[in-house]
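Each chain is listed here by its residues.
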Amino acid sequence: MKFVTKMLVLGLIMAGGIALAQSKAADPDVNARQTLMQKNGGAMGVLGGMAKGDTAFDAAAAEAAKAALIADAAATPDAFKNNASDPASHAKPEVWTNWDDFVSDANALGAAAAAMDATTLDGVKAGLGAIGGACKACHTEYKAS
Ligand code: HEC
């Protein structure tokens, strides 16, 4: 590899590392719960892409995204149970002062995902609103923007 290329690659790796350091929490608990939420975001991206027609409907992918949302919702109370703090966290303190309500918001997401018929595009379109509503309901109360 030429020196210039090496420097370029190194620069890219370092830039990536800095970008990662800014978006990633140092605290392992905070990091884990944010990673769980990013999985939610990924699943919603898959379903939303199909609903909008950006991607072709794929029943297996829709089913996998549904299963991921159900699993993530079930894992949410455990992922948040330690009141860990980190400058990169956007969790409001109310998560822990209103714990039972927070858990019920997580359960509501699981129920909304379970209720979606992922076998047809119409089913996904019909179910997506309630799922997005469940994300939003919890974020409005418990996530700082
Ligand atoms: C029970 C509450 C709750 C539900 C339900 C919920 N979230 Fe979150 N979400 C949070 C909280 C709290 C945070 C902030 C966590 C932190 O930064 O410590 C968050 C953070 C996020 C983040 C940012 C992660 C990061 O890298 O900082 C994304 C993306 C996200 N949620 C997507 C979703 C999506 C999509 C759904 C629905 C499918 C969803 N969430 C459902 C509470 C919830």
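Residues numbered from 1 in each chain as written. Predicted model: local features only at pLDDT ≥ 70, side-chain atom pairs only at ≥ 80, totals over all residues. Heavy atoms only, no water.

Trainee: Describe the side chain of Arg-33, and please don't skip the residues or the numbers.
Mentor: Among the structural elements, Arg-33 can be located in helix 2 (residues 28-52). Polar contacts involving the side chain of Arg-33 include one to the side chain of Ser-89, which spans 2.8 Å. Residues contacting Arg-33, with those up to four places away along its chain left out, are Ala-79, Phe-80, Asn-82, Ala-84, Ser-89, Ala-91 and Trp-96. (Helix = DSSP H or I, 4+ residues; strand = E, 2+ residues; numbered from the N terminus. Polar contact = N/O pair within 3.5 Å; in protein donor to acceptor, adjacent residues only side chain to side chain. Contact = heavy atoms within 4.5 Å.)

Trainee: Which residues make up helix 3 (residues 59-80), and what are the values?
Mentor: Its 22 residues place the ends of helix 3 31 Å apart at the C-alpha level, agreeing with the 32 Å of an ideal helix rising 1.5 Å per residue. Buried within helix 3 are the following residues: Ala-62, Ala-65, Lys-66, Ala-68, Leu-69, Asp-72, Ala-73, Thr-76, Pro-77 and Phe-80. Its side-chain oxygen placed 3.0 Å from the backbone nitrogen of Ala-60, Asp-58 serves as the N-cap of helix 3. (Expected span 1.5 Å × (residues − 1). Buried < 20%, exposed > 50% of the residue type's maximum accessible area, 1.4 Å probe, protein only.)

Trainee: I'd like a description of the coordination of the iron atom of the ligand, backed by residues and values.
Mentor: Protein coordination at the iron atom of the ligand comes from Met-37 (SD) and His-139 (NE2), with a distance range of 2.0 to 2.4 Å. Here the iron atom of the ligand binds six donor atoms, and the angle range of 88 to 179° at the metal identifies the geometry as octahedral. Taken together, the residues span a long stretch of sequence, with Met-37 in helix 2 and His-139 in helix 6 (residues 121-142) at a distance of 102 residues. With relative accessibility at 27%, the residue Met-37 sits in the partly exposed group. A relative accessible area of 35% means that His-139 is categorised as partly exposed. (Donors = N, O, S within 2.8 Å, 3.2 Å for Na, K, Ca; no water. Tetrahedral: all angles 85-135°; square planar, octahedral: opposite > 155°, others 65-115°.)

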